[in-house]
Amino acid sequence: MRPQVVAHRGASHDMAEHTLGAYLTALDAGAEGLECDVRLTADGHLVCVHDRNLRRTASTPKTVSTMELAELAELDFASWKHPWADLDDEAPDHDEELDTVLTLRKLLETAADYDRRVEIAIETKHPTRYGGLVEKRVVEMLRDFGWDKLGSPARVMSFSYTALQRVERMAPGVPLVMLLERAQYWPMLRRVIGPDWIVGPGIDELREHPRLGRSIARSGRDIHVWTVNTQEELDLCLTLGVKAVISDRPAYMLELLAG
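Predicted model only: the values in this text are computed from it and were never measured. (Residues numbered from 1 in each chain as written. Predicted model: local features only at pLDDT ≥ 70, side-chain atom pairs only at ≥ 80, totals over all residues. Heavy atoms only, no water.)

Asks: So what exactly am I meant to see when it comes to the packing of aromatic side chains here?
Replies: Given two aromatic rings, one states the distance between the centres and the angle between the planes to describe the pair. Taken as a whole, this structure holds three aromatic pairs when the rule is applied. Consider the rings of Phe145 and Trp147, whose centres lie 5.2 Å apart with planes at 40°: the pair is tilted. (Phe/Tyr/Trp six-rings, centres within 6.5 Å; stacked < 30°, edge-to-face > 60°.)

Shown next, in the form of structure tokens:
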């Protein structure tokens with residue numbers, strides 16, 4: 001069985017990451033899953049933003065945790081990706097909602113309303129000003145959608161073992177992905193993570209440490225790999241029996257898998 005193709009921050013190779021436009025592009029290409037990073041605003045909203053501050057994606061040094069949602073909604077989260085777009089006189093009219101800050105609720109609604117099952121991989125970022133409140137809010141939102149139990153299309157990912165433990169206590173049915181950034185952490189993690197937790201190594205670690213992938217596979221746990229963007233990287237994942245590839249280029253991954 002081929003791996004599930006998950007759009008990393010949407011179709012982020014071509015579109016500005018974490019925008020509604022990036023996710024709709026990924027869905028239209030056939031992506032079976034959507035990956036997002038979430039942070040809490042000062043007034044308690046979960047928004048899809050990777051970095052702690054907004055220098056890279058919204059041209060301001062402010063941090064997400066110190067801003068309210070209304071302030072974030074005034075920022076342009078897309079121009080950094082295509083800075084010359086305004087100069088294209090032949091470009092079609094553009095919906096500005098596709099370029100503004102995206103809330104987790106809006107992303108979940110988009111997935112829920114799509115005409116096929118779409119899975120959501122939600123990464124909580126740590127350390128953060130709000131600590132465990134992030135996971136609490138995520139679980140509350142999943143509960144609103146009825147996605148806090150077995151069979152949920154949502155899963156929660158983190159590099160923080162403690163964060164995933166929190167989610168497991170609040171919503172035991174939600175799948176968990178222990179993200180793995182360094183190969184040397186695996187021997188310790190394999191002893192403490194839950195038997196049904198998914199392992200999420202980075203593709204660079206799998207390439208540089210060939211024994212890592214084989215060791216995870218032997219442990220019997222499902223493997224979800226980030227960020228897979230080339231034929232060579234996909235081939236490595238296929239040899240390991242990876243269950244999901246998280247890619248900036250979901251359309252290209254689907255094309256390779258179909259070939």
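Asks: What exactly am I supposed to notice about empty space enclosed by the protein here?
Replies: One simple way to see leftover space: roll a probe sized like a water molecule over the atoms. Summed over the entire model, instances satisfying the criterion amount to one cavity of 30 Å³ or more. In this model, the largest cavity occupies a volume close to 50 Å³. Lining the largest cavity we find Glu17, His18, Cys48, Val49, His50, Asp51, Arg56, Thr57 and Phe77. Classifying every residue of the lining of the largest cavity by side-chain character gives three nonpolar, three polar and three charged. (1 Å grid on protein atoms, 1.4 Å probe; cavity = no way out; pocket = protein on both sides within 12 Å on 5 of 7 lines; lining within 4 Å. Points joined across faces, edges and corners; volume = space filled by probe spheres on them. Nonpolar A, V, L, I, M, F, W, Y, C, P; charged D, E, K, R; others polar.)

Asks: It is not clear to me how helix α1 (residues 20-29) should be interpreted in this structure. Could you clarify?
Replies: Since the α-helix advances by 3.6 residues per turn, residues separated by three or four positions end up pointing in the same direction. The complete set of buried residues in α1 reads Leu20, Gly21, Ala22, Tyr23, Ala26 and Leu27. Immediately beyond the C-terminal end of α1, within one or two residues, lies Gly30, with a positive phi of roughly 105°. (Buried < 20%, exposed > 50% of the residue type's maximum accessible area, 1.4 Å probe, protein only. Helix = DSSP H or I, 4+ residues; strand = E, 2+ residues; numbered from the N terminus.)

Asks: Looking at this structure, how should I read the side chain of Gln4?
Replies: Position of Gln4 relative to the elements: it lies in strand β1 (residues 4-8). Taking relative accessible area as the criterion, Gln4 reaches 16% and is therefore assigned buried. If sequence neighbours within four positions are ignored, Gln4 has contacts with Glu32, Glu119, Arg155, Lys243, Ala244 and Val245. (Contact = heavy atoms within 4.5 Å.)

Asks: What should I look at first to understand the nonpolar core in this one?
Replies: Burial of nonpolar side chains together is a common tendency in soluble globular proteins. Core analysis: the biggest nonpolar cluster contains 58 residues, and Leu34, Ile122 and Leu142 have the highest contact counts within it. Considering each element in turn, this core owes the most residues, five residues, to helix α5 (residues 133-144). Ranked by size, the runner-up nonpolar core spans 10 residues in total, among them Val49, Val64, Met67 and Leu72. (Core = buried A, V, L, I, M, F, W, Y, C linked by side-chain atoms within 4.5 Å.)

Asks: Sorry, what's going on with the state of the cysteines here?
Replies: Where two cysteines share a covalent bond between their sulfur atoms, that bond is called a disulfide. For the coordinates displayed, the defined rule picks out zero disulfides. Summary of cysteine pairing: Cys48 is not part of a disulfide, and the nearest cysteine sulfur, belonging to Cys36, is at 4.3 Å. Using a relative accessible area of 3% as the deciding quantity, one classes Cys48 as buried. (Disulfide = S-S within 2.5 Å.)

Asks: How should the packing of helix α4 (residues 104-113) against α5 be read in this particular structure?
Replies: Packed helix pairs are characterised by how far apart their axes lie and by the angle those axes make with each other. For the pair α4 and α5, interaxial distance at closest approach is 11 Å and the crossing angle is 30°. Here the hand of the crossing between α4 and α5 comes out right-handed. For the pair formed by α4 and α5, the contact residues are Leu104, Arg105 and Leu108 on the first element and Met141, Leu142 and Asp144 on the second. By residue class, the composition of the contact of α4 with α5 is four nonpolar, no polar and two charged. (Axes fitted to C-alpha atoms, helices over the stretch in contact; angles between N-to-C directions. Left-handed = near helix turned anticlockwise from the far one by under 90°.)

Asks: Mind showing me how you'd approach the pattern of salt bridges here?
Replies: Two side chains with opposite charge may pair up if their charged atoms get near one another. One pass over the full model with this rule turns up 19 salt bridges. Arg9 is the partner of Glu17 in a salt bridge, and the nearest nitrogen-oxygen pair spans 3.1 Å. A relative accessible area of 10% places Glu17 in the buried class. If you follow the salt bridges from partner to partner, you end up with Arg9, Glu17, Asp37, Asp51, Arg56, Glu123 and Lys125 in one network. (Salt bridge = Lys/Arg side-chain N within 4 Å of Asp/Glu carboxyl O.)

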